[in-house]
Amino acid sequence: MKVYTKISDLRTDLFKEKAAGKTIGFVPTMGYLHEGHASLMDQARKENDVVVLSIFVNPLQFGPKEDFASYPRDFERDKQVAVNHGVDYIFHPAAEEMYPTKPSVIAVVKDRTDVLCGTSRPGHFDGVATVLTKLFNIVLPNRVYFGLKDAQQVAVVDGLVNDYNFPIEIVPVPTVREEDGLAKSSRNVNLLPEERKQAPAIYQALKIAERAIDTGEKDPDSLVKIVESHINENTDGIVDYIEIYSYPELKVIEQVNGKIIIAVAVRFSKVRLIDNLIIQL
Ligand code: AMP
């Protein structure tokens with residue numbers, strides 16, 4: 001496995017792989033790798049000749065009051081995880097390498113950002129789309145792997161790839177969870193011990209809503225209330241949003257029908273967690 005910090009060095013070696021007819025699978029991350037990231041790497045390993053992992057905490061996608069500084073980082077440990085999961089190339093640039101000057105062009109996401117994290121994190125998806133546009137042009141992958149834990153991101157990236165005609169296949173990967181149901185996240189280490197005990201209530205609440213749907217509840221507002229009361233009764237977290245939309249369109253629905261997403265964000269003292277269930281009816 002090789003580690004690159006310079007765009008030009010990575011490009012030189014990846015051009016050789018492409019010229020030799022190799023397919024490239026790409027896993028973009030912000031590091032502090034866990035089993036969720038590992039499942040993306042494993043799938044990329046199965047489906048491609050070459051696997052590229054990027055580790056870059058992208059300042060552009062964090063708001064001024066968000067956790068850019070406290071976002072966990074451990075590059076030495078990440079390298080070991082990457083080796084164990086068959087990664088060939090790690091791209092780990094400094095912010096100055098990715099943004100040597102203030103960007104003169106920013107990708108602005110126009111659709112699917114007036115809901116969920118788009119509302120509570122203004123500018124976040126513009127930062128994501130901008131860094132991914134750069135990374136796609138640097139890596140020139142055949143397939144890119146994204147986790148459905150960030151289901152809105154998958155929908156937004158799908159729009160980016162279609163609108164900008166990137167010749168890339170987007171591969172969504174199911175959410176990996178802790179044994180108690182909490183979605184794995186790099187941010188979980190920033191939960192206080194008591195909050196960590198409470199946090200599985202988020203997924204429990206989503207599953208309770210799913211069972212309510214199974215037994216005939218079709219009204220989105222009633223389902224939102226079910227999720228909200230379970231989270232409020234079982235955690236000290238503050239609900240940021242609980243929303244239900246069609247998926248992947250992320251449009252308001254009158255009745256739960258077809259493919260839908262129930263998505264949640266909850267603020268704890270130092271960290272904001274998100275989770276969702278995508279349900280096909
Ligand atoms: P991040 O490092 O948090 O930006 O995540 C990098 C990629 O890993 C994104 O595509 C995430 O959706 C994905 N990911 C993060 N957590 C999980 C998880 N628990 N299960 C599956 N994929 C995940």
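Cut-offs applied
Residues numbered from 1 in each chain as written. Predicted model: local features only at pLDDT ≥ 70, side-chain atom pairs only at ≥ 80, totals over all residues. Heavy atoms only, no water. Salt bridge = Lys/Arg side-chain N within 4 Å of Asp/Glu carboxyl O. Helix = DSSP H or I, 4+ residues; strand = E, 2+ residues; numbered from the N terminus. Buried < 20%, exposed > 50% of the residue type's maximum accessible area, 1.4 Å probe, protein only. Domains from an automatic or database assignment. Contact = heavy atoms within 4.5 Å. Near = heavy atom within 4 Å. Polar contact = N/O pair within 3.5 Å; in protein donor to acceptor, adjacent residues only side chain to side chain. Areas by Shrake-Rupley, 256 points an atom, 1.4 Å probe, with all protein chains shown as cover. Nonpolar A, V, L, I, M, F, W, Y, C, P; charged D, E, K, R; others polar. Pairing = 2+ DSSP bridges. pLDDT = per-residue confidence, 0-100. 1 Å grid on protein atoms, 1.4 Å probe; cavity = no way out; pocket = protein on both sides within 12 Å on 5 of 7 lines; lining within 4 Å. Points joined across faces, edges and corners; volume = space filled by probe spheres on them. Patch = residues over 30% accessible without salt bridge, like charges linked within 9 Å, V, L, I, M, F, W, Y side chains within 5 Å. Phe/Tyr/Trp six-rings, centres within 6.5 Å; stacked < 30°, edge-to-face > 60°. Lys NZ or Arg CZ within 6 Å of the ring centre and 35° of its normal.

Participant: When you look at the pattern of salt bridges in this model, what are you seeing that I'm missing?
Facilitator: Two side chains bearing opposite charge may form a pair once their charged atoms approach each other closely. On inspection of all chains with the given rule, the structure shows 18 salt bridges. In this structure, K207 and E210 form a salt bridge, with 2.9 Å as the shortest nitrogen-oxygen distance. Taken as a pair, K207 and E210 lie in helix α9 (residues 201-214) at a separation of three residues, close to a single helical turn. On the basis of relative accessibility, which here comes to 27%, the residue K207 falls in the partly exposed class. Connected via shared salt-bridge partners are K2, D13 and K16.

Participant: I tried to follow the domain arrangement of the chain on my own but got confused; where do I start?
Facilitator: Frequently, the measure chosen for interface size is the accessible area that the parts lose on association. Each assigned domain of the chain is listed here: domain 1 (2-173) and domain 2 (186-280). Computed from C-alpha coordinates alone, the two centres of domain 1 and domain 2 are separated by 26 Å. The interface of domain 1 with domain 2 comprises 23 residues on the first partner and 20 residues on the second. Here D67 makes a salt bridge to R187, at a shortest N to O gap of 2.7 Å.

Participant: When you look at the site of the ligand in this model, what are you seeing that I'm missing?
Facilitator: In the vicinity of the ligand there are 17 residues, among which M30, G147, D150, V176 and K184 approach most closely. Measuring from an oxygen atom of the ligand, one finds a side-chain N or O atom of H37 at 2.9 Å. K184 is positioned such that a nitrogen or oxygen atom in its backbone is 2.8 Å from a nitrogen atom of the ligand. Relative to its free-state accessible area of 490 Å², the ligand is covered by the protein chains to the extent of 93%. Counting only elements with at least two residues in the shell around the ligand, the list comes to β2 (24-29), α2 (35-47) and β5 (143-147). When residues of the shell around the ligand are assigned to their parent elements, the largest contribution, three residues, is made by α2. Tallied by class, the residues present in the shell around the ligand amount to seven nonpolar, seven polar and three charged.

Participant: Explanation requested: the pairing of strand β8 (residues 259-267) in the structure shown.
Facilitator: Moving residue by residue along a regular strand, the side chains alternate between the two faces of the sheet. Burial of β8 is extensive: seven of the nine residues sit out of reach of the surface. Bridge count for strand β7 (residues 238-246) against β8 is eight bridges, and the pairing is antiparallel. Following the sheet pairing, E243 is matched in β8 by A263. As paired strands, β8 and strand β9 (residues 272-280) are joined by nine bridges and run antiparallel to one another. Its bridge partner lying in β9, V266 is registered against L273. As consecutive antiparallel partners, β8 and β9 are separated by four residues.

Participant: Just to check I follow, could you spell out the confidence of the model for the chain for this structure?
Facilitator: For any part of a model where pLDDT is low, the fine detail of the predicted coordinates should not be relied upon. When pLDDT is averaged along the chain, the result is 97; 100% of the residues meet or exceed 70. Confidence scores differ between elements of the chain, with helix α5 (residues 117-120) showing the lowest mean pLDDT of 92 and strand β3 (residues 50-55) the highest of 99.

Participant: Just checking my understanding: could you explain the layout of surface pockets for this structure?
Facilitator: Gaps left between atoms are located by rolling a probe of water-molecule size over the structure's atoms. In this model, the second largest pocket occupies a volume close to 220 Å³. Taken together, A107, V108, V109, K110, D111, R112, A129, V156, G159, L160, D163 and Y164 form the lining of the second largest pocket. No other element matches helix α7 (residues 151-163), which puts four residues into the lining of the second largest pocket.

Participant: Would you mind showing me how to read a nonpolar patch on the surface here?
Facilitator: Among the surface-exposed residues, M1, V3 and V83 lie close enough to one another that they form a single nonpolar patch of about 230 Å² accessible area. Along the chain, V83 turns up in helix α3 (residues 75-84). Under the relative-accessibility criterion, V83 is labelled partly exposed at 44%.

Participant: Explain the packing of aromatic side chains to me, please; I cannot follow it from the model alone.
Facilitator: Aromatic rings considered in pairs are described by the distance between their centres and by the relative angle of their planes. Counted under the stated rule, the structure contains six aromatic pairs. Both rings, one in Y4 and one in Y89, keep their centres 5.6 Å apart while their planes meet at 35°; by these two values the pair is tilted. Within this pair, whereas Y4 is found in strand β1 (residues 2-4), its partner Y89 is found in strand β4 (residues 89-91), the two being separated by 85 residues in sequence. Judged by relative accessible area, Y4 falls into the buried class, the value being 5%. By relative accessible area, Y89 is classed as buried at 8%. Grouping aromatic residues by their ring pairs yields a cluster made of F62, F68 and Y71. Here the guanidinium or amino end of R77 rests over the ring plane of Y32, the centre of that ring lying 4.9 Å away. Just above the ring of Y203 sits the side chain of R177; from NZ or CZ to the centre is 3.6 Å.

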